[in-house]
Amino acid sequence: MSGNDSSGRSRTRPAAWNRRALLGAAALGGAVTALPGQGSTAAGPAAYRRISCEEAFTTAEIVEASRAVAHGVPSMRSGPIAGPILPPLLDVGAGRIADMDAAGVDIQILSLTAPGVQHLEKGLAVALMRSTNDYIAATIRAHPTRYTGLAVMAPQDPAATAVELDRAVRTLGLRGGIINSHTAGEYLDEPKFWPMLEAAQALDVPIYLHPRDPAPDLSGSMLPGFAVGWGYGVEVGTHVLRLIGAGVLDRFPRLRIVIGHMGETIPVLLDRIDNRYLWETGLFNRPRLARLPSEYFRTHFWVTTSGMNYPAPLVATIAQLGIDRVIFAADYPLESERDAVREMNAMPIADEDKRKICDTNPALVFGLDRGLPGSTKQEP
Ligand code: MN
(Lines give C-alpha, C1' and ligand atoms only; values in the text may rest on other atoms or scores of the structure.)
Protein backbone atom coordinates (compact mmCIF):
# COMPACT_ATOMS: atom_id res chain seq x y z
CA MET A 1 0.00 0.00 0.00
CA SER A 2 1.34 3.39 -0.90
CA GLY A 3 1.01 6.65 0.96
CA ASN A 4 -0.89 9.61 -0.31
CA ASP A 5 2.04 11.24 -1.98
CA SER A 6 3.32 10.83 -5.48
CA SER A 7 6.89 9.99 -4.58
CA GLY A 8 8.28 6.97 -6.28
CA ARG A 9 5.43 6.74 -8.74
CA SER A 10 6.41 6.93 -12.33
CA ARG A 11 4.22 9.25 -14.31
CA THR A 12 6.14 8.75 -17.52
CA ARG A 13 3.97 7.45 -20.29
CA PRO A 14 5.30 4.41 -22.17
CA ALA A 15 6.94 5.27 -25.45
CA ALA A 16 4.50 3.02 -27.27
CA TRP A 17 1.65 5.27 -26.21
CA ASN A 18 1.87 7.47 -29.26
CA ARG A 19 -0.56 9.26 -31.52
CA ARG A 20 -1.07 6.25 -33.77
CA ALA A 21 -2.01 4.03 -30.82
CA LEU A 22 -4.51 6.63 -29.65
CA LEU A 23 -6.13 7.04 -33.03
CA GLY A 24 -6.30 3.28 -33.42
CA ALA A 25 -8.09 3.08 -30.07
CA ALA A 26 -10.43 5.85 -31.15
CA ALA A 27 -11.48 3.84 -34.15
CA LEU A 28 -12.74 1.13 -31.79
CA GLY A 29 -15.35 3.46 -30.34
CA GLY A 30 -13.58 5.96 -28.15
CA ALA A 31 -13.77 9.67 -28.80
CA VAL A 32 -10.10 10.52 -28.86
CA THR A 33 -9.59 14.13 -29.77
CA ALA A 34 -6.39 15.25 -28.10
CA LEU A 35 -3.10 13.87 -26.98
CA PRO A 36 -2.18 14.35 -23.32
CA GLY A 37 -1.65 18.01 -22.67
CA GLN A 38 -3.44 19.12 -25.80
CA GLY A 39 -6.90 20.52 -25.31
CA SER A 40 -7.18 19.29 -21.77
CA THR A 41 -8.80 21.32 -19.04
CA ALA A 42 -5.87 20.86 -16.69
CA ALA A 43 -5.00 24.53 -16.46
CA GLY A 44 -8.27 26.06 -15.36
CA PRO A 45 -11.49 25.48 -13.51
CA ALA A 46 -13.57 22.80 -15.17
CA ALA A 47 -16.97 23.52 -16.66
CA TYR A 48 -18.37 20.56 -14.77
CA ARG A 49 -18.37 19.19 -11.26
CA ARG A 50 -15.58 16.74 -10.45
CA ILE A 51 -17.15 13.99 -8.36
CA SER A 52 -14.81 11.37 -6.93
CA CYS A 53 -16.72 8.28 -5.99
CA GLU A 54 -14.51 5.72 -4.18
CA GLU A 55 -12.94 7.79 -1.43
CA ALA A 56 -12.19 6.09 1.87
CA PHE A 57 -12.40 7.04 5.52
CA THR A 58 -12.38 5.24 8.83
CA THR A 59 -13.28 5.98 12.43
CA ALA A 60 -11.60 5.45 15.78
CA GLU A 61 -14.24 2.82 16.64
CA ILE A 62 -13.55 0.83 13.47
CA VAL A 63 -9.79 1.05 14.07
CA GLU A 64 -10.20 -0.17 17.65
CA ALA A 65 -12.40 -3.09 16.57
CA SER A 66 -9.95 -3.99 13.80
CA ARG A 67 -6.97 -3.88 16.16
CA ALA A 68 -8.78 -6.29 18.46
CA VAL A 69 -9.31 -8.92 15.75
CA ALA A 70 -5.82 -8.38 14.37
CA HIS A 71 -4.29 -8.72 17.86
CA GLY A 72 -2.62 -5.35 17.39
CA VAL A 73 -0.63 -6.48 14.37
CA PRO A 74 -0.94 -4.12 11.39
CA SER A 75 -2.71 -6.14 8.72
CA MET A 76 -4.32 -5.29 5.42
CA ARG A 77 -6.76 -8.10 6.12
CA SER A 78 -8.22 -6.02 8.92
CA GLY A 79 -7.83 -2.67 7.25
CA PRO A 80 -5.04 -0.15 7.47
CA ILE A 81 -4.92 0.01 11.26
CA ALA A 82 -1.49 1.58 11.38
CA GLY A 83 0.91 3.60 9.33
CA PRO A 84 0.87 6.85 7.41
CA ILE A 85 -2.47 6.13 5.77
CA LEU A 86 -4.37 6.28 9.06
CA PRO A 87 -4.41 10.06 9.74
CA PRO A 88 -5.95 11.00 6.38
CA LEU A 89 -8.42 8.12 6.69
CA LEU A 90 -9.58 9.49 10.04
CA ASP A 91 -9.84 13.09 8.77
CA VAL A 92 -13.16 13.97 7.17
CA GLY A 93 -12.75 17.63 8.08
CA ALA A 94 -10.41 20.44 7.13
CA GLY A 95 -7.45 18.32 6.01
CA ARG A 96 -9.49 16.26 3.56
CA ILE A 97 -11.28 19.27 2.17
CA ALA A 98 -7.94 21.07 1.71
CA ASP A 99 -6.71 18.03 -0.25
CA MET A 100 -9.91 18.08 -2.35
CA ASP A 101 -9.44 21.79 -3.05
CA ALA A 102 -5.81 21.26 -4.01
CA ALA A 103 -6.78 18.45 -6.36
CA GLY A 104 -9.84 20.18 -7.80
CA VAL A 105 -12.39 17.66 -6.52
CA ASP A 106 -15.83 19.16 -5.82
CA ILE A 107 -17.58 16.20 -4.19
CA GLN A 108 -16.31 13.01 -2.58
CA ILE A 109 -18.60 10.02 -2.26
CA LEU A 110 -17.36 8.71 1.08
CA SER A 111 -17.16 5.03 1.94
CA LEU A 112 -15.76 3.16 4.94
CA THR A 113 -12.38 1.74 3.99
CA ALA A 114 -12.03 -1.98 3.22
CA PRO A 115 -12.92 -4.45 4.60
CA GLY A 116 -15.71 -2.32 6.07
CA VAL A 117 -17.12 -4.29 8.99
CA GLN A 118 -16.95 -7.62 7.18
CA HIS A 119 -14.03 -8.94 9.26
CA LEU A 120 -15.87 -8.48 12.57
CA GLU A 121 -18.20 -10.63 14.63
CA LYS A 122 -21.82 -10.31 13.52
CA GLY A 123 -23.24 -8.37 16.44
CA LEU A 124 -20.39 -5.89 16.48
CA ALA A 125 -20.51 -5.56 12.68
CA VAL A 126 -24.22 -4.67 12.74
CA ALA A 127 -23.75 -2.15 15.57
CA LEU A 128 -20.81 -0.50 13.81
CA MET A 129 -22.69 -0.51 10.49
CA ARG A 130 -25.47 1.57 12.04
CA SER A 131 -23.28 3.95 14.05
CA THR A 132 -20.91 4.49 11.11
CA ASN A 133 -23.82 5.29 8.80
CA ASP A 134 -24.95 7.90 11.32
CA TYR A 135 -21.38 9.23 11.32
CA ILE A 136 -21.35 9.48 7.51
CA ALA A 137 -24.66 11.34 7.61
CA ALA A 138 -23.34 13.77 10.23
CA THR A 139 -20.19 14.32 8.17
CA ILE A 140 -22.30 15.14 5.11
CA ARG A 141 -24.45 17.53 7.17
CA ALA A 142 -21.28 19.34 8.27
CA HIS A 143 -20.10 19.75 4.64
CA PRO A 144 -23.23 19.30 2.53
CA THR A 145 -21.79 20.69 -0.69
CA ARG A 146 -18.59 18.61 -0.53
CA TYR A 147 -19.62 15.12 0.57
CA THR A 148 -22.13 12.45 0.01
CA GLY A 149 -21.73 8.80 0.95
CA LEU A 150 -22.39 5.09 0.64
CA ALA A 151 -23.86 3.04 3.46
CA VAL A 152 -21.78 0.50 5.35
CA MET A 153 -23.21 -3.00 4.88
CA ALA A 154 -22.76 -6.06 7.11
CA PRO A 155 -23.41 -9.21 5.06
CA GLN A 156 -22.98 -11.27 8.25
CA ASP A 157 -26.63 -10.30 8.87
CA PRO A 158 -28.38 -9.80 5.52
CA ALA A 159 -31.83 -9.11 6.99
CA ALA A 160 -30.57 -6.43 9.37
CA THR A 161 -28.49 -4.94 6.57
CA ALA A 162 -31.48 -4.74 4.22
CA VAL A 163 -33.39 -2.79 6.89
CA GLU A 164 -30.37 -0.58 7.55
CA LEU A 165 -29.83 0.16 3.85
CA ASP A 166 -33.43 1.39 3.69
CA ARG A 167 -32.82 3.66 6.69
CA ALA A 168 -29.48 4.85 5.33
CA VAL A 169 -30.98 5.84 1.97
CA ARG A 170 -34.45 7.08 2.90
CA THR A 171 -33.71 8.63 6.30
CA LEU A 172 -30.01 9.52 6.16
CA GLY A 173 -29.85 10.40 2.45
CA LEU A 174 -26.96 8.10 1.51
CA ARG A 175 -26.68 7.18 -2.17
CA GLY A 176 -26.19 3.42 -2.12
CA GLY A 177 -24.25 0.81 -0.18
CA ILE A 178 -20.79 -0.67 -0.32
CA ILE A 179 -19.78 -4.32 0.09
CA ASN A 180 -16.12 -5.28 0.26
CA SER A 181 -16.31 -8.49 -1.80
CA HIS A 182 -16.34 -11.77 0.16
CA THR A 183 -17.53 -12.20 3.73
CA ALA A 184 -15.70 -15.07 5.46
CA GLY A 185 -15.01 -16.51 2.00
CA GLU A 186 -18.66 -16.35 0.87
CA TYR A 187 -19.96 -14.36 -2.11
CA LEU A 188 -23.22 -12.63 -2.97
CA ASP A 189 -24.37 -15.45 -5.26
CA GLU A 190 -25.38 -17.25 -2.04
CA PRO A 191 -29.18 -16.79 -1.74
CA LYS A 192 -28.87 -15.96 1.96
CA PHE A 193 -27.36 -12.59 0.95
CA TRP A 194 -30.14 -11.70 -1.49
CA PRO A 195 -32.31 -9.63 0.88
CA MET A 196 -29.57 -6.97 0.63
CA LEU A 197 -29.70 -7.01 -3.17
CA GLU A 198 -33.49 -6.92 -3.10
CA ALA A 199 -33.35 -3.84 -0.86
CA ALA A 200 -30.89 -2.04 -3.16
CA GLN A 201 -33.06 -2.75 -6.19
CA ALA A 202 -36.23 -1.61 -4.40
CA LEU A 203 -34.53 1.60 -3.25
CA ASP A 204 -33.14 2.18 -6.77
CA VAL A 205 -29.59 2.67 -5.45
CA PRO A 206 -26.36 0.97 -6.55
CA ILE A 207 -24.14 -1.36 -4.59
CA TYR A 208 -20.44 -0.62 -4.84
CA LEU A 209 -18.57 -3.93 -4.93
CA HIS A 210 -15.17 -2.97 -3.54
CA PRO A 211 -12.11 -5.22 -3.13
CA ARG A 212 -10.60 -6.53 0.07
CA ASP A 213 -7.85 -9.02 0.65
CA PRO A 214 -8.59 -12.05 -1.55
CA ALA A 215 -10.53 -14.90 0.04
CA PRO A 216 -8.37 -17.62 1.64
CA ASP A 217 -8.52 -19.85 -1.44
CA LEU A 218 -7.15 -17.05 -3.60
CA SER A 219 -4.81 -15.26 -1.23
CA GLY A 220 -2.69 -18.34 -0.61
CA SER A 221 -1.37 -18.12 -4.15
CA MET A 222 -0.39 -14.45 -3.94
CA LEU A 223 3.28 -13.53 -3.87
CA PRO A 224 4.21 -10.70 -1.50
CA GLY A 225 3.55 -7.39 -3.16
CA PHE A 226 0.81 -8.64 -5.47
CA ALA A 227 -2.15 -8.88 -3.08
CA VAL A 228 -3.53 -5.51 -4.21
CA GLY A 229 -2.34 -4.93 -7.78
CA TRP A 230 -3.35 -8.43 -8.88
CA GLY A 231 -5.27 -10.05 -6.04
CA TYR A 232 -7.91 -7.35 -5.60
CA GLY A 233 -8.86 -7.56 -9.27
CA VAL A 234 -8.97 -11.37 -9.22
CA GLU A 235 -11.08 -11.27 -6.05
CA VAL A 236 -13.72 -8.83 -7.33
CA GLY A 237 -13.57 -10.07 -10.92
CA THR A 238 -14.33 -13.57 -9.63
CA HIS A 239 -17.17 -12.13 -7.54
CA VAL A 240 -18.66 -10.44 -10.62
CA LEU A 241 -18.57 -13.67 -12.64
CA ARG A 242 -20.16 -15.58 -9.77
CA LEU A 243 -23.07 -13.11 -9.78
CA ILE A 244 -23.46 -13.43 -13.54
CA GLY A 245 -23.01 -17.20 -13.62
CA ALA A 246 -25.46 -17.92 -10.80
CA GLY A 247 -28.27 -16.00 -12.49
CA VAL A 248 -28.45 -13.40 -9.72
CA LEU A 249 -29.00 -10.64 -12.27
CA ASP A 250 -31.99 -12.45 -13.77
CA ARG A 251 -33.44 -12.47 -10.28
CA PHE A 252 -32.75 -8.72 -9.80
CA PRO A 253 -33.13 -7.22 -13.28
CA ARG A 254 -32.83 -3.60 -12.14
CA LEU A 255 -29.85 -4.07 -9.80
CA ARG A 256 -26.99 -1.61 -10.43
CA ILE A 257 -23.47 -2.58 -9.37
CA VAL A 258 -20.41 -0.31 -9.45
CA ILE A 259 -16.91 -1.78 -9.45
CA GLY A 260 -13.63 0.10 -9.21
CA HIS A 261 -10.15 -0.17 -10.68
CA MET A 262 -11.36 0.13 -14.26
CA GLY A 263 -13.59 -2.90 -13.93
CA GLU A 264 -11.16 -5.25 -12.15
CA THR A 265 -9.84 -6.52 -15.53
CA ILE A 266 -13.29 -7.70 -16.71
CA PRO A 267 -13.72 -5.15 -19.56
CA VAL A 268 -10.62 -6.26 -21.47
CA LEU A 269 -11.55 -9.94 -20.99
CA LEU A 270 -15.23 -9.63 -22.01
CA ASP A 271 -14.93 -11.04 -25.52
CA ARG A 272 -12.81 -13.96 -24.39
CA ILE A 273 -15.21 -14.66 -21.53
CA ASP A 274 -18.17 -14.83 -23.96
CA ASN A 275 -16.25 -16.89 -26.49
CA ARG A 276 -14.97 -19.50 -24.03
CA TYR A 277 -18.27 -19.56 -22.11
CA LEU A 278 -20.04 -20.64 -25.32
CA TRP A 279 -17.29 -23.14 -26.11
CA GLU A 280 -17.17 -24.60 -22.61
CA THR A 281 -20.92 -24.88 -22.09
CA GLY A 282 -21.27 -26.42 -25.54
CA LEU A 283 -18.42 -28.88 -25.05
CA PHE A 284 -19.81 -30.18 -21.79
CA ASN A 285 -23.48 -29.71 -22.72
CA ARG A 286 -24.05 -27.43 -19.76
CA PRO A 287 -27.11 -25.20 -19.37
CA ARG A 288 -26.59 -21.68 -20.59
CA LEU A 289 -27.57 -18.38 -19.06
CA ALA A 290 -30.47 -16.36 -20.49
CA ARG A 291 -27.95 -13.87 -21.88
CA LEU A 292 -24.27 -13.74 -22.71
CA PRO A 293 -21.95 -12.85 -19.81
CA SER A 294 -21.02 -9.60 -21.57
CA GLU A 295 -24.70 -8.64 -21.86
CA TYR A 296 -25.17 -8.95 -18.10
CA PHE A 297 -21.99 -6.96 -17.54
CA ARG A 298 -22.96 -4.17 -19.93
CA THR A 299 -26.46 -3.96 -18.43
CA HIS A 300 -25.80 -4.08 -14.70
CA PHE A 301 -22.28 -2.77 -14.12
CA TRP A 302 -20.56 0.60 -14.09
CA VAL A 303 -16.79 0.85 -13.65
CA THR A 304 -14.75 3.53 -11.95
CA THR A 305 -11.21 4.67 -12.55
CA SER A 306 -10.10 4.31 -8.90
CA GLY A 307 -6.37 3.65 -8.75
CA MET A 308 -6.38 3.19 -12.53
CA ASN A 309 -6.29 6.67 -14.00
CA TYR A 310 -4.08 5.52 -16.85
CA PRO A 311 -4.85 6.27 -20.49
CA ALA A 312 -4.57 2.84 -22.14
CA PRO A 313 -7.01 1.06 -19.78
CA LEU A 314 -9.41 4.02 -19.94
CA VAL A 315 -9.53 4.10 -23.72
CA ALA A 316 -9.94 0.30 -23.87
CA THR A 317 -12.73 0.39 -21.29
CA ILE A 318 -14.63 3.12 -23.14
CA ALA A 319 -14.25 1.09 -26.33
CA GLN A 320 -15.67 -2.01 -24.59
CA LEU A 321 -18.47 -0.51 -22.50
CA GLY A 322 -19.22 2.93 -23.92
CA ILE A 323 -18.61 6.29 -22.31
CA ASP A 324 -21.80 6.17 -20.19
CA ARG A 325 -20.45 3.29 -18.07
CA VAL A 326 -17.25 4.95 -16.81
CA ILE A 327 -17.01 7.04 -13.63
CA PHE A 328 -14.12 8.96 -12.10
CA ALA A 329 -12.63 7.96 -8.75
CA ALA A 330 -9.25 8.44 -7.10
CA ASP A 331 -9.21 6.00 -4.13
CA TYR A 332 -8.13 8.74 -1.71
CA PRO A 333 -6.20 8.59 0.57
CA LEU A 334 -4.72 5.30 -0.61
CA GLU A 335 -3.95 7.07 -3.87
CA SER A 336 -3.18 10.72 -4.52
CA GLU A 337 -6.34 12.54 -5.53
CA ARG A 338 -4.22 15.28 -7.06
CA ASP A 339 -2.43 12.79 -9.34
CA ALA A 340 -5.77 11.19 -10.27
CA VAL A 341 -7.24 14.52 -11.36
CA ARG A 342 -4.09 15.44 -13.26
CA GLU A 343 -4.22 12.09 -15.08
CA MET A 344 -7.92 12.48 -15.88
CA ASN A 345 -7.40 16.01 -17.16
CA ALA A 346 -4.67 14.73 -19.48
CA MET A 347 -6.64 11.75 -20.82
CA PRO A 348 -6.72 11.50 -24.61
CA ILE A 349 -10.51 11.83 -24.79
CA ALA A 350 -12.90 14.69 -25.53
CA ASP A 351 -13.67 17.23 -22.82
CA GLU A 352 -17.32 16.26 -23.22
CA ASP A 353 -16.39 12.68 -22.32
CA LYS A 354 -14.47 13.90 -19.27
CA ARG A 355 -17.59 15.75 -18.21
CA LYS A 356 -19.59 12.52 -18.45
CA ILE A 357 -16.98 10.54 -16.48
CA CYS A 358 -16.56 13.14 -13.73
CA ASP A 359 -20.08 14.57 -13.43
CA THR A 360 -22.96 13.24 -15.55
CA ASN A 361 -22.38 9.53 -15.06
CA PRO A 362 -21.81 9.52 -11.27
CA ALA A 363 -24.76 11.89 -10.82
CA LEU A 364 -27.05 9.48 -12.68
CA VAL A 365 -25.77 6.21 -11.21
CA PHE A 366 -25.68 7.44 -7.60
CA GLY A 367 -28.73 9.70 -7.95
CA LEU A 368 -26.71 12.66 -6.72
CA ASP A 369 -29.09 15.28 -8.00
CA ARG A 370 -32.00 13.92 -6.08
CA GLY A 371 -31.91 16.75 -3.59
CA LEU A 372 -28.14 16.94 -3.17
CA PRO A 373 -27.56 20.14 -1.18
CA GLY A 374 -25.80 22.75 -3.25
CA SER A 375 -26.84 21.22 -6.56
CA THR A 376 -28.44 23.46 -9.12
CA LYS A 377 -29.21 20.61 -11.50
CA GLN A 378 -32.56 19.02 -12.19
CA GLU A 379 -33.36 15.46 -11.23
CA PRO A 380 -32.22 13.10 -14.00
MN1 MN B 1 -10.79 1.79 -2.64
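No experiment lies behind these values; they were computed from the predicted model shown.

1. Topic: the overall build of the chain
Okay, step 1: Helix and strand counts for the chain come out as 16 helices and nine strands.
Okay, step 2: Taken across its 380 residues, the chain has 55% of its residues classed as buried.
Okay, step 3: Sequence-distant contacts, at least 24 apart, represent 77% of the contacts inside the chain between residues at least 6 apart.
Okay, step 4: With the model as given, the accessible surface of the chain reaches about 16000 Å², and the carbon-plus-sulfur share is 56%.

2. Considering the coordination of the manganese ion
Okay, step 1: Looking at the manganese ion, the protein donor atoms are Glu54 (OE), His210 (NE2) and Asp331 (OD), and they sit 1.9 to 2.2 Å from it.
Okay, step 2: Between the donor residues of the manganese ion, the gaps in sequence give the motif E-x155-H-x120-D. Placement of the pair is His210 in the loop between β6 (207-209) and α8 (216-219) and Asp331 in the loop between β9 (326-327) and α15 (337-345), with a sequence separation of 121 residues. Summarising the burial analysis for this pair, His210 and Asp331 share the class buried.

3. Considerations on the packing of aromatic side chains
Okay, step 1: Counted under the stated rule, the structure contains three aromatic pairs.
Okay, step 2: Geometrically, the ring pair formed by Trp194 and Phe252 is edge-to-face, given 6.0 Å between the ring centres and 90 degrees between the ring planes. Remark: Phe252 occurs in the loop between α10 (248-251) and β7 (257-259) and Trp194 occurs in helix α7 (residues 194-203); sequence separation between them is 58 residues. Comparing Trp194 with Phe252, the two get one shared label, buried.
Okay, step 3: Measuring from ring centre to ring centre gives 5.0 Å for Phe297 and Phe301, while their planes differ by 15 degrees; the resulting arrangement is stacked. Here Phe297 matches Phe301 in class, with each residue buried.
Okay, step 4: Positioned above the aromatic ring of Tyr296, the side-chain terminus of Arg291 is 5.3 Å from the ring centre.

4. Points about the pattern of salt bridges
Okay, step 1: Applying the stated rule across the entire model yields 14 salt bridges.
Okay, step 2: For Arg167, the salt bridge is made with Glu164, and the minimal N-O distance between the two is 2.8 Å. In this pair, Arg167 and Glu164 are both assigned in helix α6 (residues 158-170), three residues apart and thus about one turn of the helix distant.
Okay, step 3: Residue Glu164 is classed as buried on the basis of its relative accessible area of 3%.

5. Things to note about the sheet that holds strand β5 (residues 177-179)
By way of backbone hydrogen bonds, the strands of a sheet pair with one another, either parallel or antiparallel.
Okay, step 1: Strand order in the open sheet formed by six strands is β4-β5-β6-β7-β8-β9, with parallel pairing between adjacent strands. What marks the edges here is a single partner per strand, and that holds for β4 (151-152) and β9.
Okay, step 2: Bridge count between β5 and β6: three bridges; the pairing is parallel. Within β6, the position partnered with Gly177 by the bridge is Ile207.

6. As for a nonpolar patch on the surface
Okay, step 1: A grouping of Leu223, Phe226 and Trp230 is seen on the molecular surface, where their side chains present a nonpolar patch of about 380 Å² in accessible area.
Okay, step 2: Locating Leu223 in the fold gives a position in the loop between α8 and α9 (227-245).

7. Some thoughts on the sheet that holds strand β1 (residues 51-57)
Okay, step 1: Spatial ordering of the open sheet is given by β1-β2-β3, a layout of three strands whose pairing is parallel. Here the strands that pair on one side only, and so sit at the sheet edges, are β1 and β3 (147-149). The sheet shows a mean angle of 35 degrees between the axes of neighbouring strands, taken without regard to direction.
Okay, step 2: By the bridge criterion, three bridges tie strand β2 (residues 107-112) to β3 in an arrangement that is parallel. When the bridges of β3 are listed, Leu110 appears paired with Gly149.
Okay, step 3: Sitting on the sheet, helix α4 (residues 94-103) is in contact with β1, β2 and β3, with an inclination near 135 degrees to β2.

8. Describing the confidence of the model for the chain
Okay, step 1: Looking at the chain, the pLDDT average stands at 87 and 84% of residues meet or exceed 70.
Okay, step 2: Within the model, the stretch residues 1-45 combines pLDDT values under 50 with 67 contacts to residues more than four positions away or in other chains.
Okay, step 3: This stretch, residues 372-380, has a pLDDT under 50; its non-local contacts, to residues over four places away or in other chains, come to 17 contacts.

9. Notes on the nonpolar core
Okay, step 1: If you look at the biggest cluster of nonpolar residues, it comprises 74 residues, and the most contacted ones within it are Val117, Leu209, Val240, Ile259, Phe297 and Ile357.
Okay, step 2: Contact partners of Phe297, with chain neighbours within four places excluded, come to Val240, Ile244, Ile259, Ile266, Pro267, Leu270, Val303 and Leu321.
Okay, step 3: The next biggest cluster of nonpolar side chains, apart from the first, holds 15 residues, and it includes Tyr208, Val258, Ile327 and Ala363.

10. Things to note about unusual backbone geometry
Okay, step 1: For the bond running from Ala114 to Pro115, omega is 0 degrees, close enough to zero to count as cis.
Okay, step 2: For the peptide bond that leads from Tyr332 to Pro333, omega is -5 degrees, which places it in the cis range.
Okay, step 3: Of note, the phi angle at Glu264 is positive, near 50 degrees, even though the residue is not glycine.
Okay, step 4: Relative to the helices and strands, Glu264 resides in helix α11 (residues 261-264).
Okay, step 5: The exposure class assigned to Glu264 is buried, which follows from its relative accessible area of 3%.
Okay, step 6: Backbone geometry at Asn285 places phi at a positive 50 degrees, although glycine is not the residue there.
Okay, step 7: Structurally, Asn285 is set in the loop between α12 (266-283) and α13 (293-300).
Okay, step 8: With relative accessibility at 70%, the residue Asn285 sits in the exposed group.

Definitions and limits used
- Every residue gets a number counted from 1 within its own chain, in the order that chain's sequence is written.
- Residues qualify for local features only when their pLDDT is at least 70, as the model is predicted, and side-chain atom pairs are given and counted only at 80 or more; totals for whole chains, interfaces and linings, by contrast, use all residues.
- With hydrogens and water excluded, all non-hydrogen atoms of the structure serve as input to the side-chain values.
- Working definition: helices are DSSP H or I runs of at least four residues, strands are E runs of at least two. Numbering for both runs from the N terminus.
- Only protein chains enter the accessibility calculation, which uses a 1.4 Å probe; a residue whose area is less than 20% of its type maximum is buried, one above 50% is exposed, and one in between is partly exposed.
- Any two residues whose heavy atoms approach within 4.5 Å at even a single point are treated as in contact.
- The accessible surface values rely on the Shrake-Rupley method and a 1.4 Å probe; as for residues, cover is taken only from the protein chains in view.
- With water omitted from the atoms examined, metal sites may look incomplete; donors here are N, O and S atoms no farther than 2.8 Å from the metal, or 3.2 Å in the case of Na, K and Ca.
- Here a Phe, Tyr or Trp ring, Trp counted by its six-membered ring, pairs with any other such ring whose centre lies within 6.5 Å, and the pair is stacked when the planes are under 30 degrees apart, edge-to-face when over 60, and tilted otherwise.
- Should the NZ of a Lys or the CZ of an Arg lie within 6 Å of a ring centre and within 35 degrees of the ring normal, that charge is described as sitting over the ring.
- Salt bridge, as applied in this entry: a Lys or Arg side-chain nitrogen positioned within 4 Å of an Asp or Glu carboxyl oxygen.
- Any two strands are treated as partners once DSSP identifies two or more bridges connecting them.
- Each patch is assembled from residues with relative accessible area greater than 30% and no salt bridge, linking like charges that lie within 9 Å and nonpolar side chains (Val, Leu, Ile, Met, Phe, Trp, Tyr) that lie within 5 Å.
- The axes used here are C-alpha line fits, helices contributing only the stretch in contact, and every angle between their N-to-C directions lies in the interval 0 to 180 degrees.
- The predictor attaches a confidence to each residue, called pLDDT, with possible values from 0 through 100.
- The nonpolar core is taken to be a set of buried Ala, Val, Leu, Ile, Met, Phe, Trp, Tyr and Cys residues, with the residues joined through side-chain atoms within 4.5 Å.

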